[in-house]
2 protein chains.
Amino acid sequence: MSENEVIIQADDLESYVSALFEKTGMNQEDAAYCAQSLVQTNLWGIDSHGVLRAPIYIERLVSKAMNPAPNIQKVRGFGALEVLDGDDGMGFVVGRAAMKRAIELAELHGVSAVGVNRSNHFGAAALFAKMATQKGMIGIVMTNVIPNVVAPGGSKPITGNNPIAIGVPTFKEFPFMLDISLSNVAGGKLLLASKKGEQIPLDWATDKNGRPTSDPDAAFAGFLLPVGGHKGLGLSYVVDILSGLITGGVYQHAMKSMYKHRDEPSLTSHFMIVINPLALMSREEMESRMADFYQTIKASPMWDDSREMMLPGEIEYRTAVARRTNGIPVPINLYNDLVELGEKLGVTPKLAA
Amino acid sequence: MSENEVIIQADDLESYVSALFEKTGMNQEDAAYCAQSLVQTNLWGIDSHGVLRAPIYIERLVSKAMNPAPNIQKVRGFGALEVLDGDDGMGFVVGRAAMKRAIELAELHGVSAVGVNRSNHFGAAALFAKMATQKGMIGIVMTNVIPNVVAPGGSKPITGNNPIAIGVPTFKEFPFMLDISLSNVAGGKLLLASKKGEQIPLDWATDKNGRPTSDPDAAFAGFLLPVGGHKGLGLSYVVDILSGLITGGVYQHAMKSMYKHRDEPSLTSHFMIVINPLALMSREEMESRMADFYQTIKASPMWDDSREMMLPGEIEYRTAVARRTNGIPVPINLYNDLVELGEKLGVTPKLAA
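So, how was this worked out
Residues numbered from 1 in each chain as written. Chains lettered and ligands numbered in written order. Predicted model: local features only at pLDDT ≥ 70, side-chain atom pairs only at ≥ 80, totals over all residues. Heavy atoms only, no water. Pairing = 2+ DSSP bridges. Helix = DSSP H or I, 4+ residues; strand = E, 2+ residues; numbered from the N terminus. Axes fitted to C-alpha atoms, helices over the stretch in contact; angles between N-to-C directions. Contact = heavy atoms within 4.5 Å. Buried area = accessible area lost by both parts, 1.4 Å probe. Salt bridge = Lys/Arg side-chain N within 4 Å of Asp/Glu carboxyl O. Polar contact = N/O pair within 3.5 Å; in protein donor to acceptor, adjacent residues only side chain to side chain. Nonpolar A, V, L, I, M, F, W, Y, C, P; charged D, E, K, R; others polar. Phe/Tyr/Trp six-rings, centres within 6.5 Å; stacked < 30°, edge-to-face > 60°. Buried < 20%, exposed > 50% of the residue type's maximum accessible area, 1.4 Å probe, protein only.

Could you give me a rundown of the sheet that holds strand 9 (residues 176–180) of chain B, with the residues and numbers involved?
Read from one edge to the other, the open sheet built from seven strands follows the order 2-3-4-12-5-8-9 (chain B), with strand pairing classed as mixed. The outermost strands of the open sheet, each flanked by one partner alone, are strand 2 (73–78) and strand 9 of chain B. Strand-to-strand twist across the sheet, computed as the mean angle between neighbouring axes with direction ignored, equals 15°. Strand direction decides the pairing type here: strand 4 (residues 111–119) of chain B and strand 12 (residues 268–275) of chain B, joined by seven bridges, are antiparallel. Within strand 12 of chain B, the position partnered with B:Ala113 by the bridge is B:Ile273. Relative to strand 9 of chain B, helix 8 (residues 230–245) of chain A is tilted by about 135°, and along the sheet it contacts strand 5 (138–143), strand 8 (164–168), strand 9 and strand 12 of chain B.

Below you can see the structure in the form of structure tokens.
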């Protein structure tokens, strides 16, 4: 524990954040779910999408930019394909409803797709992909975000770094879980390079005119570049088309950043595909084949003996085991914000640290 | 036209290659389809997956490594999710059968997924994604390939550069079409750098021990690196899991390279997802929204005025328009191989050039 952070036990953090959400008018169950999801994300070590975001979410729920009690309902589709209207609800609640429905439909049809429009920021996409793996299914989860990625040669952002998470059940300690954004790196890496005074590779980001830059500060004022050039760019278009365009939602520049438009719904869209492998083989066969797949990867030799071949989701699993025991490091500024928020909303007791 | 190539009209090339395929025992319709697909790929400018591959396909059909008359049938699944057994058929024929079935199922259920095992190399994945767009549907097509990609830090290839194609209907001159492999670059780029005597970026490829290299010749003897490091690596695992693992097919090292195991079935697997946007909105609405999406991209400014913002599929479309008029450039060595093959199989008349 450094002097810049406090260590908080996961359960304490979860019950406190849940109480915060309840004060916004969310029902107890939704509040507990949102808090549990944020803390789960911190446990995975993905602190950028954990309780760091609680203050902005709560501000937006209090101002009614996000609807604390959304009426989420089907508005389009038939058979195994549906679109839900998120009613400007908290993204976690809307995302959970969509994945729940996608799982039901995949049970009936073997595969399903559920789109959502009029949602908001839903945190780590892996949260929803994991719901599928817990039912023995494969979950593919994507969301569009406000454009922050520039096409190579372009001078304005044209698409978001739209994340995709894909989870596959292993029936072991942790599922296969890939959760990636479609920019080459996230903004946090630019910040880190800037703090260290390091240059960045030219394919990470651009200056404010879209020109590739090795200066992390220029990059921070500019835009992100897509992973793999036209490959990530094209995939990002696909996520926007599936999430926003075919669902009747909004896409490209019609979304609203929750930071720049704090008092307005974000109009975020999500898209989820669920595939039920247990419609194709027994649980035992699936488990055995995934174990074999993992074993082959794990047994593959490294030229760098200091490194270990990691499986998608393994780092997050290990971090969660450690943080469940040792607690979650929370930056002191964030801790103070959370305490202040609790005082304002009348939450007791104070957040333990 | 250089002295190293001959120009052949698309129709001439197609009818000649179709006649070659017929001589292997393929029925006329399948032969014509395979020839049309290869020439279509050349028209798009993707010469690596065009008639260049005809000689190896035909050799394998003649030797019965590939079954010229496969009995493709459903072996697993229900509802909107099915797995077909490809009966060691030519990949183009098996892939077409799978996409045809996926389109039927998406018409019934709104979304569908069809996996295939016991197939072979199926050429450009875009061929099958395009079938979906021609029906007003979104096609997602993937295939596993023999491991040729090394995980960062690893010393042996652990997964293939498994391609993914995604097509979206626009109802205009050309569909949205993304067709990417999951290595950072294809082997052809290493060859080109070697010919030019240029160094390559360290994230392209490794030497034969898995160590990143800037020497294209060392890279050519080594392995490819995944696009975006762990991002492309994870996506490649997903393609292998969906194509080979959950379909009851083979995955990772159990496939057989068609070049190294010329006389054996490749045991390739494919996976196709089809989403029917016309189950969610009218054709007019879909067309208008895609036109708006494209217009926004096209209107986005460039800092480099010499470049044009291209849409996924646009370069291939333009190349096809030009090659349909001007003919297809065929390397002289390939031309000679095709002529010789025709003489051996008794195809007349000789390929026009």
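Run through the interface of chain A and chain B, naming residues and quoting values.
With 79 residues of chain A at the contact, the number on the chain B side is 79 residues. When chain A packs against chain B, close to 6500 Å² is buried across both sides, 72% of that on carbon and sulfur atoms. Three residues, A:Lys231, A:Leu280 and A:Trp303, lead the burial of chain A against chain B; their summed loss comes to 12% of the area buried on that side. Across the contact surface, chain A and chain B share two salt bridges. A salt bridge links A:Arg76 to B:Glu285; the shortest N-O distance between them is 3.7 Å. One can count 28 residue pairs in polar contact (both at pLDDT 80 or more) joining chain A with chain B. For the side of chain A that touches chain B, the element with the most residues is helix 8 of chain A, which contributes 11 residues. Across the side of chain A that touches chain B, the residue classes tally to 42 nonpolar, 25 polar and 12 charged.

How would you explain the pairing of strand 2 (residues 73–78) of chain A if you had to name every residue and give the values?
All names here are of chain A. The pairing of strand 2 with strand 3 (residues 81–85) spans five bridges and is antiparallel. For Gln73, the partnering residue across the bridge sits in strand 3 and is Asp85. Counting the residues that bridge the hairpin from strand 2 to strand 3 gives two residues, and of these Gly79 lies at a positive phi of roughly 60°.

Any details on the packing of aromatic side chains? Residues and values, ideally.
Any pair of aromatic rings gets described here by the distance separating the centres and the angle formed by the planes. This model, assessed by the stated rule, comprises 14 aromatic pairs over all chains. Considering the side-chain rings of A:Phe176 and B:Tyr237, the 6.4 Å spacing of their centres and the 75° angle between planes classify their relative orientation as edge-to-face. Of the two residues, A:Phe176 sits in strand 9 (residues 176–180) while B:Tyr237 sits in helix 8 (residues 230–245), which places them in two different chains. Comparing A:Phe176 with B:Tyr237, the two get one shared label, buried. A ring pair is formed by A:Phe293 and B:Tyr237, whose centres lie 5.9 Å apart and whose planes are at 85°; its orientation type is edge-to-face. A residue pair is termed interchain when its members come from two chains, as with A:Phe293 in helix 9 (residues 283–299) and B:Tyr237 in helix 8. Residue classification places A:Phe293 among the buried positions, given a relative accessible area of 0%. Members of the aromatic cluster, joined through ring pairs, are A:Phe176, A:Phe293, B:Tyr237 and B:Tyr251.

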